[in-house]
Amino acid sequence: FISNDNDVIFDVNTQMQMGEEREKKASHLRRAIATTPGLNVKMPKRFFAFELEIHKLSEERKQDIIFLEDCYKIGQSLGMSEDDVRVALQFLHFVSVIFYFPLFLPNVIFVNPQPLIGLLSKLVSAGFVKISEVFGTYLTKQEATQLQQNGIFSKHLLKCLSPSAFNSEYFTIDHYIQLLKHLLVITPIDDTTYFIPCVLPIIPLTEKQKRSFLREGDADPFVIMWERKSIHDEIAPIPLGLFPATVAAILTHSNNHRFVLPKPTDDFPHQLRNAVRLKCDTLGGFLLLADNHKWLELYYHGDRNDCPAIRDVVERATVTAQSNLKYDTERVSIRYGFLCSLCQSNRYKRDHPSKVNQSRTFLMCSNKNEVYPLSQLEKYWFADLSRPVFHGKIVLCASRYDFLQQSKQYETQSGTI
């Protein structure tokens, strides 16, 4: 997600209408990718033969899905054990040839991922296009409003995406919901209702809204930022998609503390794609997460001694989101800090962050490179002094690395994906 001179970027308009023009653009993109030097992957020969055979079986059956038992039979014909087949499936998944989710769909392999990608794209696009273009006339006006304004929908809405997509007993609507939860696209509110933050409207937060969220004596806003390692510790933009995935992770994976969506207020009537207000049921406080494009701001209204616990929840959710989205974080570090008070004395009009040092004794202004001590209202975020501040690179794709390393035991040949 951090570009440099070695990256190859293809410009794509994902909101093009279906039709002849979109097909032409897609064909041009495929040719461009296929003919770009360097976009090769080394694939074990037996994996390559295995891939050809599973695609052949899929075409013969005229189905996008095949089953693990089918793969075992194909692998046996190629001299592969069942363990070899599972490694091959994981390898092909990680290089995006197929989709395979052994944690919750262990017996199903999506040989042609495009229909599944289409389902995901249609759901996510609900926040960008007319609702009737995605769901036709299946949704009521109230359901459409709930989705686009509040990011809330029921299981019924997913059936409207593609009424024929969930006819198979091997890929049901419940499987699809499991997949969306695993990818941190949605999070459950109750047994039948779900929250999808990435379709919410984007409305910049005003200073009045931020000011009204905190009360006298609350801790100063905490900042999480991403720092480029190769460009003199420059602050990089928040990785695309990370903010809504982090919100979903907080609501889904906060083991020690339960977070819920609170009732609207006059100052914060709707959740936003760039700002979400949450209530911590276990601590009784309210957390405002604000995406400021280049950093993430945390505002907590509640017992300020709970700030370290809140920080820990958000830190872990951020790492979970990055891991699930498979971001390459080799070139960046997560850094923590506060909105700079050195350059601007007004607490609510600080337009750049300062970075905290590991001992949590001082801050460095990201504009002037000058240091100054933490204030008392900033220190509350670090009351757990026995726990060090987390700095440095995060290597998140260990599972991918393990499978690619494991595949080296096989004789390889190069193939273009």
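Residues numbered from 1 in each chain as written. Predicted model: local features only at pLDDT ≥ 70, side-chain atom pairs only at ≥ 80, totals over all residues. Heavy atoms only, no water.

A. A look at the sheet that holds strand β4 (residues 108–110). Sheet architecture is open: three strands sit in the order β2-β4-β3, paired in antiparallel fashion. One side of each edge strand has no neighbouring strand; the edge strands of this open sheet are β2 (65–67) and β3 (99–100). The pairing of β3 with β4 spans two bridges and is classified as antiparallel. Along β4, the bridge assignment pairs Phe99 with Phe110. (Pairing = 2+ DSSP bridges. Helix = DSSP H or I, 4+ residues; strand = E, 2+ residues; numbered from the N terminus.)

B. Geometry of the pairing of strand β16 (residues 362–365). Of the two faces of β16, the one holding Leu363 and Cys365 is buried and the one holding Phe362 and Met364 is not buried anywhere. Both strand β15 (residues 353–356) and β16 contribute to a ladder of three bridges, which runs antiparallel. Each residue of the ladder has a partner; that of Ser354, found in β16, is Cys365. As consecutive antiparallel partners, β15 and β16 are separated by five residues, and within that stretch Arg360 has a phi angle of approximately 60 degrees, a positive value. (Buried < 20%, exposed > 50% of the residue type's maximum accessible area, 1.4 Å probe, protein only.)

C. Examining the packing of helix α3 (residues 68–77) against helix α4 (residues 82–94) more closely. The interhelical angle for the contact between α3 and α4, taken along N-to-C directions, is 115 degrees, at an axis separation of 9 Å. Relative to α4, the element α3 is oriented roughly perpendicular. Of the two possible hands of crossing, α3 and α4 adopt the one that is right-handed. Residues Leu68, Cys71, Tyr72 and Gly75 of α3 touch α4, and the partners they reach there are Glu82, Val85, Arg86 and Leu89. Residues belonging to the contact of α3 with α4 are distributed by class as follows: five nonpolar, one polar and two charged. (Axes fitted to C-alpha atoms, helices over the stretch in contact; angles between N-to-C directions. Parallel < 35°, antiparallel > 145°, perpendicular 65-115°, else oblique. Left-handed = near helix turned anticlockwise from the far one by under 90°. Contact = heavy atoms within 4.5 Å. Nonpolar A, V, L, I, M, F, W, Y, C, P; charged D, E, K, R; others polar.)

D. Representation of a nonpolar patch on the surface. On the surface, Phe362, Met364 and Val371 cluster together to form a nonpolar patch covering roughly 240 Å² of accessible area. Tracing the backbone shows Val371 in strand β17 (residues 371–373). (Patch = residues over 30% accessible without salt bridge, like charges linked within 9 Å, V, L, I, M, F, W, Y side chains within 5 Å. Areas by Shrake-Rupley, 256 points an atom, 1.4 Å probe, with all protein chains shown as cover. Salt bridge = Lys/Arg side-chain N within 4 Å of Asp/Glu carboxyl O.)

E. Examining the environment of Asn305 more closely. As for its placement among the helices and strands, Asn305 is situated in the loop between β13 (295–301) and α12 (307–324). Along the chain, Asn305 and Ala383 lie 78 residues apart, while their C-alpha atoms are 7.2 Å from each other.

F. Structural context of the sheet that holds strand β6 (residues 187–188). Spatial strand order, β5-β7-β6: three strands in an open sheet with antiparallel pairing. Edge positions in the sheet fall to β5 (152–154) and β6, since each has one partner strand and no second. Here three bridges tie β5 to strand β7 (residues 193–195), and the two strands are oriented antiparallel to one another. Looking at the pairing, Ser154 lines up with Thr193 of β7. Here helix α7 (residues 141–150) sits on the sheet in contact with β5 and β7, set at roughly 140 degrees to β5.

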